[in-house]
There are 2 protein chains.
Amino acid sequence: MSNGAQALIKTLLNNNIEVCFSNPGTSEMHFVAALDENPQMRAVLTLFEGVATGAADGYARMLNKPACTLLHLGCGLGNGLANLHNAHKAKVPVLNIVGDHATYHVKYNAQLQSDIETIARNFSGWVKTTKTPEELCDDAQDAIKSSYKREVATLILPADVSWTDGVEAKEPTQDQFNPEIDETRIHQLVQVLKSSDKVAMILGGAALQEPMLNLLSKISEVTGVQLFAEVFPTKMQRGVGRPYIERMAYFSELASVQLTNFEHIILVDSRRPVSFFAYPDKSSDLVPEGCEVHQLVDDYRNLSFALEHLCEQLNAMHIAPNLQEKSTQLLPYGKLTAKKVCQIIGGLLPENAIISDEAQTSGVMLPKYTRASPKHDLLTLTGGAIGQALPVAIGAAIACPDRTVFALTGDGSAMYTFQSLWTMAREELKVITIVFNNASYSILNIELERVGVKKVGNVAKSQLSLEKPALNFTDMARGMGVSAVRVNSCGGLKKAIRKALALNGPTVIEVMIPSSISGLKLKALPVVLNSLDKMPLKFSKIIKKQIAP
Amino acid sequence: MSNGAQALIKTLLNNNIEVCFSNPGTSEMHFVAALDENPQMRAVLTLFEGVATGAADGYARMLNKPACTLLHLGCGLGNGLANLHNAHKAKVPVLNIVGDHATYHVKYNAQLQSDIETIARNFSGWVKTTKTPEELCDDAQDAIKSSYKREVATLILPADVSWTDGVEAKEPTQDQFNPEIDETRIHQLVQVLKSSDKVAMILGGAALQEPMLNLLSKISEVTGVQLFAEVFPTKMQRGVGRPYIERMAYFSELASVQLTNFEHIILVDSRRPVSFFAYPDKSSDLVPEGCEVHQLVDDYRNLSFALEHLCEQLNAMHIAPNLQEKSTQLLPYGKLTAKKVCQIIGGLLPENAIISDEAQTSGVMLPKYTRASPKHDLLTLTGGAIGQALPVAIGAAIACPDRTVFALTGDGSAMYTFQSLWTMAREELKVITIVFNNASYSILNIELERVGVKKVGNVAKSQLSLEKPALNFTDMARGMGVSAVRVNSCGGLKKAIRKALALNGPTVIEVMIPSSISGLKLKALPVVLNSLDKMPLKFSKIIKKQIAP
């Protein structure tokens, strides 16, 4: 017979949960000790909980199954909150194991006592504190089941439940899912798609992955429906040999133009498009007036079945999907700019790469320049809480050890969870981190204007500047055992990426660039249009009119 | 007339709140813009919210008045949670301003939408979302009043409340407090103190500061009452010319020995002593069986009045307090150990220094070696959530620009909020950060044994080790613009501290030391006794018996 911690780890393994991203403390010591008896459970130590939770997110995005985290009480969970928020918004399965004080110790309100469940409810679909060893493994099974509904599940594990002997692990219970078709809805959507109305589909979640992408492209070829990806996809499969899908723009001024004139929007495992923030005198809802919004399926597990059905009804099954073709990409020369960095990344991206993207303003041109790159998966900042790219890259690299992971991060973002580098080095992960060092919270310069601030003084400007002192990410990376190089020319960057690709461990490449939009006036926003490379030219005029009347 | 943000800042300034530790995003842009019109509000940018919240804590510990933080939505508040937890446990006033989506945007459940109030309730005594511009400045006044009750207050500020025009700032309302004496209680305590019973006082909060310390020492001189400081004091005033107060030990095995045989414990602005964690077969409550626990005052604002009263009733007013005398401190030579580092810090500490202590196991000898140092203030890890020392040092340095701040941190702790260094450099703060690099979560090695883990394998051990890869804090510090040096000899450390003392900006000194207790068996715990330098020798035997029967 095992103690609680031992039985819990066995139950996790029985359920095919094999990786634990950890940052333990005293209340988790029995779980830590039990790791030795279960070497199938890979324990990945992180130096900060936000790294552990983001890594669990990245792992699950790649494998569609949860990893667990091991966190220390309420404050540990709090430190992991932002990246759990991102996972929650991304509908990614994560299973948190949060150690708690022994059940009888709680009443003493000791120094680290806090209300863990309250914190957990912020992002969890399932939360429970296991009060007795008898309940533990059943609770674990429930938590795992819940996580498979694409939720964050948080199991709070008191120390005495962990250390009590006589607990038996549970075998997994199989949840059978039988896909169902809502014939009426499919029929209705077929009518909409066959009509002369202007129809768009917004794809999210599982819809941006194979084989769904091909089915969607067939439908588009037959009906002319315009396909969009949601603004921040969980995982988007892209590149040569896959259908190209235009992403919704972050700037709602642009996104609303993308959706202009559509009479129907069909949501395919995505949510109704809304503005990221609210802005004075601008609508938060991006659906054009009078446009009808439909939803393909309520339960994403019916998605593949529903798409096949739709394809058949539209006689699209035999149609070839419109796949991205190869094109020769010329690499730029000279001094680096954000645009040139994106161009070089796009040009040198190896087959099957994974991109964890939090390049912010510096990555505006990335969609354009990776469009005709070899097949790759793009993971984005789903919940808007910065400090995600590096942790997610850790998880992706552990999930897919044979693939190269690019973590693209702004300088401001990088400083949130830069501790990630240590874990990359420790686990010898093939992650190429590119830090866009423009010495600025660049996006906020334009947000200042977007929210209607009329006069920007020096104090306000200094709140958005990272210039003084200058950050040196190369030094910081070396301090965590990661080989690093700073580059400011195209030649330097090409060389650095090629060298990094030949290595097996992690690399940091710090690219020194001017801010791509600081100083940019809102009126000039249409230049950002370049990122939406399929957008008809006429839209540019509409935007100019809308933004700068 | 002002917009909401402008009126809010004016109201804060009217209430003498003059510093804002910030990490803003889009929803806080109007607040940021309004800073320019109010240059009396010092805005201190941080690169991570945990730095901002810890800095607000440190500032308030020094000045007994709140600073405000400026945080971005629920995830920003989540990133600041751990250090707000520490402030909450320390009973320190902090005022959080948390930007939120515009009120009408909430229903769209956009990417960054989360339940901010739920997060805030975890550590706040006061929480409110201001729904209209009309309420804003009244809410701010309420929040400030609440914070002065030594609470964390969290004001959630929707973007549209911030940007709406026509809001008027409020003048401060004066809250008069008239101290009251509970004569019956004082009378009873006088009887207890005059009796032949063994009495201890446990001091916390304001009791560990002047002028309370002297009154307490007088009482001790007259009655023989033993004075203890709570295990993790908010601010403890120490050094030559002040009464020496023995601190309660972190290890409950030792703390319960400190309290052995006492028949009365009088709590003086402190809480009933409890074990930090629970351990199998050990009591969480540290009060000996049969011991009566009293409380001097219910409201800390009566503390000074009550102590004077007690002193008078005991005829102790004319008695000289027992003040720590100067003693010659010899500085050690040779290779560094944690003990020698503490000795050198104690020996070189300048008058009026502030120590922000999170040295963990490496700081075990610090109380002993700073006992006869010049007057200084000690700030400790009140809530147990690591990553506090550096942020708190920022706040203390901004509060007291004429004093030198030492931030002492373990390596594990340092990695939590190391971004602090950038703000130290930006603000040119005189903070000397000493990182104890022992390449280990050292404390957990002993905790493994304390919680009853019998067998420790390699996987478990690796979860507590920071050896692979080795962290280089000197490189990391330089990457954030802070001059840094790594030392492994006593001579090197002395030189480095002397050089740092002569500078006006921040310095990082990385001390390379062997782990002080890793590999230490619980049976050997009494060596830690050295830290409790006033503890009678006989206790050593009791402990040995208790721990290793």
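How each quantity is defined
- Residues numbered from 1 in each chain as written.
- Chains lettered and ligands numbered in written order.
- Predicted model: local features only at pLDDT ≥ 70, side-chain atom pairs only at ≥ 80, totals over all residues.
- Heavy atoms only, no water.
- Helix = DSSP H or I, 4+ residues; strand = E, 2+ residues; numbered from the N terminus.
- Expected span 1.5 Å × (residues − 1).
- Buried < 20%, exposed > 50% of the residue type's maximum accessible area, 1.4 Å probe, protein only.
- Phe/Tyr/Trp six-rings, centres within 6.5 Å; stacked < 30°, edge-to-face > 60°.
- Lys NZ or Arg CZ within 6 Å of the ring centre and 35° of its normal.
- Least-squares fit on C-alpha atoms with pLDDT ≥ 70 in both.
- Contact = heavy atoms within 4.5 Å.
- Buried area = accessible area lost by both parts, 1.4 Å probe.
- Salt bridge = Lys/Arg side-chain N within 4 Å of Asp/Glu carboxyl O.
- Nonpolar A, V, L, I, M, F, W, Y, C, P; charged D, E, K, R; others polar.
- Pairing = 2+ DSSP bridges.
- Right-handed = clockwise from strand over helix to strand, strands pointing away.
- Axes fitted to C-alpha atoms, helices over the stretch in contact; angles between N-to-C directions.
- Left-handed = near helix turned anticlockwise from the far one by under 90°.

Brief notes about helix 3 (residues 49-63) of chain A
Residue and element names in this part refer to chain A. An ideal rise of 1.5 Å per residue puts 21 Å on 15 residues; helix 3 measures up with 21 Å between its terminal C-alpha atoms. Among the 15 residues of helix 3, 14 are classified as buried, and the element is accordingly described as predominantly covered. Two residues or fewer past helix 3, Asn64 is found with a positive phi of approximately 55°.

Some remarks on the packing of aromatic side chains
The tally for this structure, following the rule as stated, stands at 19 aromatic pairs over all chains. On the basis of an interplanar angle of 65° and a centroid distance of 5.1 Å, the ring pair of B:Phe276 and B:Phe277 is categorised as edge-to-face. For the pair B:Phe276 and B:Phe277, one class covers both residues: buried. Look at B:Phe418 and B:Phe473: their rings are 5.4 Å apart centre to centre, the planes differ by 75°, and that puts the pair in the edge-to-face class. Note that B:Phe418 is positioned in the loop between helix 16 (411-414) and helix 17 (420-426) and B:Phe473 in helix 20 (residues 473-479), a separation of 55 residues in sequence. Through successive ring pairs, a cluster of aromatic residues spans A:Phe232, A:Tyr250, A:Phe251, A:Phe276 and A:Phe277. Here the basic side chain of A:Lys198 rests over the ring of A:Phe262, its NZ or CZ set 4.1 Å away from the ring centre. In this structure, A:Arg450 packs its charged tip against the face of A:Tyr279, placed 4.0 Å from the ring centre.

Comments concerning the relation of the copies chain B and chain A
When chain B is fitted onto chain A, the two copies agree to an RMSD of 0.0 Å after a turn of 180° and an axial shift of 0.0 Å. When the rotation and shift are considered jointly, the pair of chain copies conforms to a two-fold rotation axis. Ranked by how close their C-alpha atoms come to the rotation axis, the residues of chain B are headed by B:Met476, at 2.0 Å. Most of the interface of chain B is mirrored in chain A, where 100% of its interface residues are also at the interface.

Let's talk about the interface of chain B and chain A
How large an interface is tends to be reported as the accessible area lost when its parts come together. If you look at the interface, chain B gives 96 residues, while chain A gives 97 residues. Taken together, both faces of the contact between chain B and chain A bury some 8,100 Å²; the carbon and sulfur share is 61%. Three residues stand out in chain B for area buried against chain A, namely B:Gln111, B:Tyr416 and B:Gln463, and they jointly supply 10% of the buried area on that side. Linking chain B to chain A there are zero salt bridges. Top contributing element to the side of chain B that touches chain A by residue count: helix 4 (residues 73-79) of chain B, with five residues. When the residues that make up the side of chain B that touches chain A are grouped by side-chain class, the tally is 48 nonpolar, 35 polar and 13 charged.

Here's the deal with the environment of A:Gln188
Residue and element names in this part refer to chain A. With respect to the element layout, Gln188 can be found in helix 9 (residues 183-194). Among the residues examined, Gln188 registers a relative accessible area of 41% and is labelled partly exposed. With 106 residues separating them in the primary sequence, Gln188 and His294 have C-alpha atoms 9.6 Å apart.

Some details on the pairing of strand 20 (residues 507-512) of chain B
Residues and elements named next belong to chain B. Within strand 20, five of the six residues are buried, leaving the element largely enclosed by the surrounding structure. Sheet topology note: the strand 18 (residues 431-437)/strand 20 ladder contains six bridges and is parallel. Each bridged residue has a counterpart across the sheet, and for Thr433 the counterpart in strand 20 is Val508. Inspection of the sheet shows strand 19 (residues 483-487) paired to strand 20 by five bridges, in the parallel sense. Note on strand 20: the bridge partner recorded for Ala484 is Val508. This β-α-β element, strand 19 to helix 21 (residues 490-502) to strand 20, shows right-handed connectivity.

Here's the deal with unusual backbone geometry
Here the residue pair A:Glu210 and A:Pro211 is connected by a cis peptide bond, since its omega of 0° sits within 30 degrees of zero. As for its placement among the helices and strands, A:Pro211 is situated in the loop between strand 9 (199-203) and helix 10 (212-223). Its identity as a non-glycine residue notwithstanding, B:Lys91 has a phi of 55°, on the positive side. Note that B:Lys91 resides in the loop between helix 5 (81-90) and strand 5 (94-100).

Comments concerning the environment of A:Lys494
All names here are of chain A. Tracing the backbone through its elements, the reader meets Lys494 in helix 21 (residues 490-502). Residue classification places Lys494 among the buried positions, given a relative accessible area of 9%. Residues Lys494 and Ile345 lie 149 residues apart in sequence; the distance between their C-alpha atoms is 8.5 Å. Setting aside residues no more than four positions away along its own chain, Lys494 makes contact with Leu331, Pro332, Tyr333, Ile344 and Leu348.

So, the sheet that holds strand 12 (residues 246-247) of chain B
Residues and elements named next belong to chain B. Taken together, the five strands give an open sheet; going across it, the order is 12-10-9-13-14, and neighbouring strands pair in parallel fashion. Single-partner strands in this sheet number two, and they are strand 12 and strand 14 (292-295). Of the pairings in the sheet, the one linking strand 9 (residues 199-203) to strand 10 (residues 226-229) comprises four bridges and is parallel in character. Looking at strand 10, one finds that Leu203 is bridged to Ala229.

Describing the packing of helix 13 (residues 338-348) of chain B against helix 21 of chain B
Residue and element names in this part refer to chain B. Contact pair helix 13 / helix 21: the axes reach a minimum separation of 10 Å and the direction vectors enclose 35°. Our pair here, helix 13 against helix 21, has a crossing hand that is right-handed. Between helix 13 and helix 21, the contacting residues are Lys340, Val341, Ile344, Ile345 and Leu348 on the first element and Cys490, Leu493, Lys494, Ile497, Arg498 and Leu501 on the second. Here the residues of the contact of helix 13 with helix 21 are counted per class, giving eight nonpolar, no polar and three charged.

Remarks on helix 12 (residues 303-313) of chain B
Because the α-helix completes a turn every 3.6 residues, residues three or four places apart line up on one side. Taken as a whole, helix 12 of chain B has its buried residues at B:Leu303, B:Ala306, B:Leu307, B:His309, B:Leu310 and B:Cys311. Positive phi appears at B:Asn315, one or two residues downstream of helix 12 of chain B, with a value of about 55°.

Some remarks on the pattern of salt bridges
Residues and elements named next belong to chain A. Counting across every chain of the model gives 38 salt bridges over all chains. Glu135 is the partner of Lys128 in a salt bridge, and the nearest nitrogen-oxygen pair spans 2.9 Å. Accessibility expressed as a relative area gives 27% for Lys128, which makes it partly exposed. For Arg242, the salt bridge is made with Asp377, and the minimal N-O distance between the two is 3.7 Å. Highlighted residues: Arg242 in the loop between strand 11 (236-238) and strand 12 (246-247) and Asp377 in strand 16 (residues 376-380), separated in sequence by 135 residues. No difference in accessibility class separates Arg242 from Asp377, as the two residues are buried.

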